[in-house]
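Coordinate inspection notes
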Amino acid sequence: MSESTSASENETSNVETPIVETHEFRAEMKQLLHLIIHSLYTHEEIFLRELISNGSDALNKIRFRMLTDRDVVNPDAGQKIDITLDKEANTMTITDSGVGMSREDLMKRIGTVASSGTLDFVAEMKKGGGPVDAQMIGQFGVGFYSAFMVADLITIDTRHANPDSVGLRWKSDGSGSYTIEEIDRKERGTTIVLKLKEDKKEFAEPWRIKQIIKKYSNFVDFPIFVGEEEVNTVDALWHKSKSDITDEQLAEFYKFVSNDWEEPLGHLQVNVEGRVSFKSMLFIPKKAPKNLYHDEYQFGVHLYSSKVFIQDDAKNLLPEWARFIKGVVDTEDLPLNVSREVTQSSPVFGKIKNILTGKILTMLKEWSVEESDRFKTFSKEFGMLFKSGLSSDFENRDAMIDLIRFESSVKEAGELVSLDQYIDRMKEGQKEIYYVLAENRKAAELNPNLEYFAANDLEVLLMIEPVDSFIVPGIPTFKDHELKSVETADLDLKKTKSSEKDGPSKSDVKKILERFKAVLGDQVEDVKSSDRLVDSAATLVVGKSGMDSQMERMMKMMDENFEGAKKVLEVNLKHPLLKNLIALSKDAENSDLVDSAINQLYDGALLADGSLTSPREFVRRMTELMVQATKK
Ligand code: ADP
Ligand code: MG
């Protein structure tokens, strides 16, 4: 591993002087150190996280060992981490009463970088050229050496817990070699002294060190003292049992992880042990953050590895649609030095994500059944994002469809219903779930195609969120009931309540429909007598191959060359206007007026539908018709 030159400094007979061994770092290690010292510029404060986590690991080891074996050096030493700062000397000292290190540990574990990824790391950094983010350093397990970003001399004094151990001092300036010598040390554990670089004096400032601890190591399981002050006072809440956590603690912790000032809408604590082990505390906020749909939105789940902070915007722990969720996931199944790239693809993440997603959906289901107010707030704030998940999260589709909500023609504005509730209210013999897509509630209610449904007490879902037009095509049926737009032309409609008798004769109907077709030409696919209209004179509906008009508008928005399918014009033969037109058209003298009225009806239907493209012509014709109507 390393070449021992065993260069004792005093070849003379003075046996009192300890022997100092000098060891060369291997070439690869030298390159790495060179890069750490000269190329890392951002996030250099993570060195402290690395040292604290090493101390915490060492404390965990001795704690575990002492459960069964108290025959160790200093069995009564407190288990903690102490940091002392000396501005004069420009040093930072970190001491732990952990398991300590033997000579072999110092040479094999500190003296060499074990990770096989190290060479890749070196190559990667060389390639980069520009400033390198120190977060990268975690990638290849060079944790301890990150301290060379801020120190030009590091001394490790250590004594292993084994009763026959000796005190040892390791020393290096990170350039080419390190020394090891025996020292007189009574205490178990490790003391690391960083002689800070001239331009890194900030790390001898208590406020700066405390700030870094609060950011990265707040939940470490052992007390961390800076001078006399215990800094990491926030308990790792997610490690406590549910019954030991008060509402105040929950709220406080939520505010800490979310930067929200309000209490959360709800929380979920998940502890899993098995093929994957993790502890997690998740929160749903009361309000959707303003930037939830923006690119810069920060995912809110903090990732920890055994209480040591790793990253605060872990993406792959939850599906995209759940990005409003804040909280913490802590797993022992990831090494501390996990990189973001590994994070994205680790199977551990996939497993955690599956479990958490299932738990979240179960909780939402419970809310929807037992806590309607809470669920309503959830749907209002996050329903749209949740719905959008339907087009990507296929595994959870069924559970998600149960939880989506819409406004309804039989409910007040703002009230939301589920597809299940709709089915429960379906009329006898009704097979389909009817919906109308519109930009808002008003527009939906004014859609003439709704008249038939209103007249027959048939509930219609008012799909007025922009996302609805994306997801509806993906839900062709729900529990064997087809979802049908009220615009779909071949609705199998029962006859309306009103009687058939007052309608015009068959031959009159045939003639007037032909007249309409002749006037409108290929602007329409067909002209038909309508069953669905009650109060309006005409409406446009979707032809056999066409799509819902709202959906078509959306397509046009996304693709300006999109050609919508032609519509079918349906006319209400019981409407006075149609009756008048039938009568008028029997006399050739009125031919211009009839044609004008037909064009106007068609344009009016386009207008109601939101598709009128020539308002000038519409207004001109309307004025002309009004002139006629007001004559004399
Ligand atoms: P990692 O923590 O990922 O193993 P590091 O470079 O941070 O990598 O540490 C290398 C090794 O050095 C550790 O695994 C541990 O064996 C040893 N070590 C570092 N710091 C301490 C310490 N304070 N107490 C005991 N052992 C330590
Ligand atoms: Mg480490």
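For clarity, every value in this text was computed on a predicted model and none was experimentally measured.

Quick notes on empty space enclosed by the protein
Under the criterion given, the structure shown has one cavity of 30 Å³ or more. Residue composition of the lining of the largest cavity, by class: six nonpolar, one polar and two charged.

Brief notes about the layout of surface pockets
For the second largest pocket, the calculated volume is near 590 Å³. Along the wall of the second largest pocket there are 25 residues; nearest its centre are V257, S258, N259, D260 and K326. Those elements that place two or more of their residues in the lining of the second largest pocket are α5 (206–216), α6 (247–258) and β14 (300–305). Take the lining of the second largest pocket: its biggest share by element is four residues, from α6. Classifying every residue of the lining of the second largest pocket gives eleven nonpolar, six polar and eight charged.

Considerations on the confidence of the model for the protein
Summing up the model confidence of the protein, the mean pLDDT is 85 and the portion of residues at 70 or higher is 86%. Counting contacts from residues 1–13, a segment whose pLDDT is below 50, to residues more than four positions away or on other chains yields 19 contacts.

Here's the deal with the packing of aromatic side chains
In this description, a pair of aromatic rings is defined by centroid distance and the angle of the planes. Applying the stated criterion across every chain, the model contains 19 aromatic pairs. Aromatic side chains F25 and Y178 sit 5.1 Å apart centroid to centroid with 50° between the ring planes, which places their arrangement in the tilted category. Of the two residues, F25 is situated in the loop between β1 (20–24) and α1 (27–39) and Y178 in strand β8 (residues 177–183); the sequence distance between them amounts to 153 residues. Ring geometry for Y254 and F283: centres 5.1 Å apart, planes at 50°, overall tilted. In this pair, Y254 is assigned in helix α6 and F283 in strand β13 (residues 278–284), connecting sequence segments 29 residues apart. Residue F283 is classed as buried on the basis of its relative accessible area, which comes to 1%.

Here's the deal with unusual backbone geometry
Positive phi outside glycine occurs at N74, with the angle close to 50°. If you trace the backbone, N74 turns up in the loop between α2 (46–65) and β3 (81–86). For N74, a relative accessible area of 30% puts it in the partly exposed group. Phi angles above zero are rare outside glycine, and N90 is one such case at about 55°. Note that N90 resides in the loop between β3 and β4 (91–96).

Let's talk about the packing of helix α17 (residues 576–584) against helix α18 (residues 591–609)
Running from N to C, α17 and α18 point in directions that differ by 150°, and their axes come no closer than 10 Å. Classified by the interaxial angle, the pair formed by α17 and α18 is roughly antiparallel. As α17 packs across α18, the resulting crossing turns out to be left-handed. For the pair α17 and α18, contact is made by L577, L578, L581 and L584 and by L593, V594, A597 and L601, respectively.

Criteria and cut-off values
- All residue numbers refer to position in the chain's written sequence, counted from 1.
- Here chains are named by letter from A upward and ligands by number from 1 upward, in the order in which they appear as written.
- It should be noted that, the model being predicted, local features are given only for residues of pLDDT at least 70 and side-chain atom pairs only at 80 or more, the latter also being counted only at that level, while totals for whole chains, interfaces and linings use all residues.
- Values reported for side chains reflect all heavy atoms of the structure, with hydrogen atoms and water molecules removed beforehand.
- Residues are called lining when one of their atoms sits within 4 Å of a cavity or pocket point, these points coming from a 1 Å grid over the protein atoms alone, where a cavity is a set in which a 1.4 Å probe fits but cannot get out and a pocket is an open set with protein on both sides within 12 Å along at least five of seven lines.
- Grid points are joined across faces, edges and corners, and a volume is the space filled by probe spheres set on the points.
- When residues are sorted by character, Ala, Val, Leu, Ile, Met, Phe, Trp, Tyr, Cys and Pro go into the nonpolar class, Asp, Glu, Lys and Arg into the charged class, and all the rest, Gly among them, into the polar class.
- Counting from the N terminus, the helices are the DSSP runs of H or I reaching at least four residues and the strands are the DSSP runs of E reaching at least two.
- A score between 0 and 100, pLDDT records how confident the predictor is in each residue.
- Contacts between residues were defined by any pair of non-hydrogen atoms, one from each residue, lying within 4.5 Å.
- Centre distance within 6.5 Å is the pairing criterion for rings of Phe, Tyr and Trp, where only the six-membered ring of Trp is used; planes under 30 degrees apart are then read as stacked, over 60 as edge-to-face, and the remainder as tilted.
- Buried residues are those whose accessible area, probed at 1.4 Å on protein chains only, stays under 20% of the maximum for their type, while exposed residues exceed 50% and partly exposed ones sit between those limits.
- To obtain an axis, a line is fitted to C-alpha atoms, over the contacting stretch when the element is a helix, and the angle between two such axes runs from 0 to 180 degrees between their N-to-C directions.
- Convention used here: angles under 35 degrees read as roughly parallel, angles over 145 as roughly antiparallel, angles from 65 to 115 as roughly perpendicular, and any remaining angle as oblique.
- Helix crossings get a hand from a simple test, with the near helix turned counterclockwise from the far one by less than a right angle marking a left-handed crossing and a clockwise turn marking a right-handed one.

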